[in-house]
Amino acid sequence: MEVISKISQLRERLSQLRNEGKSIGLVPTMGALHEGHASLVRRSVKENDVTVVSVFLNPTQFNDPKDLERYPRTLEADCRLLDECGADIAFAPSVKEIYPEPDTRLFSYPPTDSVMEGAMRPGHFNGVCQIVSKLLSYVEPDRAYFGEKDYQQIAVIRRMVDDLGFKLQIVPCPVVRQSDGLALSSRNTLLSDEERVTAANIYRILDKSRSLGLTVQETHDYVVGEINSIPGLTVQYFSIVDGDSLADVTSWDEAPSVVGCITVFCGTKPIRLIDHIRYK
Ligand code: PAF
């Protein structure tokens, strides 16, 4: 696997490969890679001739400097994992390389980017759109792979890709979970062993809520009440939304796809965990 840190070198290498008729898959990441990322990389390797994985902790999508500071940085281990998964190129640029000047571009795709994470973390999706649009323009991939764990992020990126007219296929990939149901996340490494066990209740309760035959409001109240009753867990929001537009729904018939998106604070630090469940 080649490790490239300069945009010019990445572009040159990819243009050679494209001229040889090779298809290109991109897996954007912020590093601290785990089995969830590995599943995206393996899928890209299967579906494309060349797989590029970007490893870039993007500062513009962090609205909380403490969150950025404590985000795990593990480039050496990341490169080992990528090599094992069969990635061809790891693109690991510096912040200066990506943002020689502050990025002042503004992206706005309401309600997709203004609800839930967009409301809780102002500027977050703007930062995501800034970096993903840059990566797409450097790599010009045929396909880009994103984990469905960040369900809202995929919806926002789809809007941006349509808006800017990028020609590629966005490939959403299923959440990878521990055997107890906890969604894999780079942030899980910040949890103690005990907190990890507690955190597994989030998915257990979400999953159970599908089988109770409740209305949308009752389902909302059940999930929030059950999770908040567990010491060490506090729901920040739980929204039951149209799976495409992410607008709130009040009945199950209101949209062809309905998804519950949740954010929970776990433990004493506390660590913010995101998950979702598909109702239909
Ligand atoms: O999902 C992530 O890890 C990040 O938001 C992404 C898409 C790599 C952009 O920095």
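The preceding data block contains the structure.
Counting restarts for each chain: residues are numbered from 1 in the order of the written sequence. Confidence filtering applies because this is a predicted model: local features only for residues at pLDDT of at least 70, side-chain atom pairs given and counted only at 80 or more, and all residues used for totals across whole chains, interfaces and linings. Hydrogens are left out, water is left out, and the side-chain values use all remaining heavy atoms of the structure.

Visitor: Pulling in residues and values, what's your account of the site of the ligand?
Guide: Residues in contact with the ligand, as listed here, are P28, T29, M30, N58, Q61, I131, D150 and Q153. Burial of the ligand by the surrounding chains reaches 89%, relative to a free accessible area of 290 Å². The class makeup of the residues in the shell around the ligand is three nonpolar, four polar and one charged. Proximity is defined per residue: if any heavy atom of the residue lies within 4 Å of a molecule or strand, that residue is considered near it. All accessible-area figures derive from a Shrake-Rupley calculation using a 1.4 Å probe, and residue coverage is judged against the displayed protein chains alone. Here the term charged refers only to Asp, Glu, Lys and Arg, the term nonpolar to Ala, Val, Leu, Ile, Met, Phe, Trp, Tyr, Cys and Pro, and the term polar to all other amino acids, Gly among them.

Visitor: Give me the sheet that holds strand β7 (residues 233-242): which residues, what numbers.
Guide: DSSP-based pairing: two strands are paired if at least 2 bridges between them are found. Only runs of H or I of at least four residues qualify as helices and only runs of E of at least two qualify as strands under DSSP, and these elements are numbered from the N terminus. The sheet built from three strands is open, its strands ordered β7-β8-β9 with antiparallel pairing. Edge strands, defined here as strands with exactly one partner in the open sheet, are β7 and β9 (271-278). Taking each pair of neighbouring strands and ignoring which way they run, the sheet shows an average axis angle of 15 degrees. Across nine bridges, β7 lies against strand β8 (residues 258-266) in antiparallel orientation. Along β8, the bridge assignment pairs F238 with I262. Residues are treated as being in contact if the distance between any of their heavy atoms lies within 4.5 Å. Under this scheme, a helix contributes an axis fitted over its contacting stretch, all axes are lines through C-alpha atoms, and angles between N-to-C directions fall in the 0 to 180 degree range. Packed on one face of the sheet, helix α9 (residues 193-209) meets β7, β8 and β9 and runs near 25 degrees to β9.

Visitor: Explain the pattern of salt bridges to me, using residue names and the numbers behind them.
Guide: Only one rule defines a salt bridge in this text: a Lys or Arg side-chain nitrogen within 4 Å of an Asp or Glu carboxyl oxygen. Scanning the model with the defined rule gives 13 salt bridges in all. Between R105 and D103 there is a salt bridge, with the nearest N and O atoms lying 2.8 Å from each other. Using a 1.4 Å probe on the protein chains alone, a residue whose accessible area is under 20% of its type maximum counts as buried, one over 50% counts as exposed, and one in between counts as partly exposed. Look at R105 and you get partly exposed, because its relative accessible area is 32%. Classification of D103 as buried rests on a relative accessible area of 17%. Salt-bridge contacts for R210 lead to D207; the nearest nitrogen and oxygen are separated by 2.8 Å. Residue classification places R210 among the partly exposed positions, given a relative accessible area of 40%.

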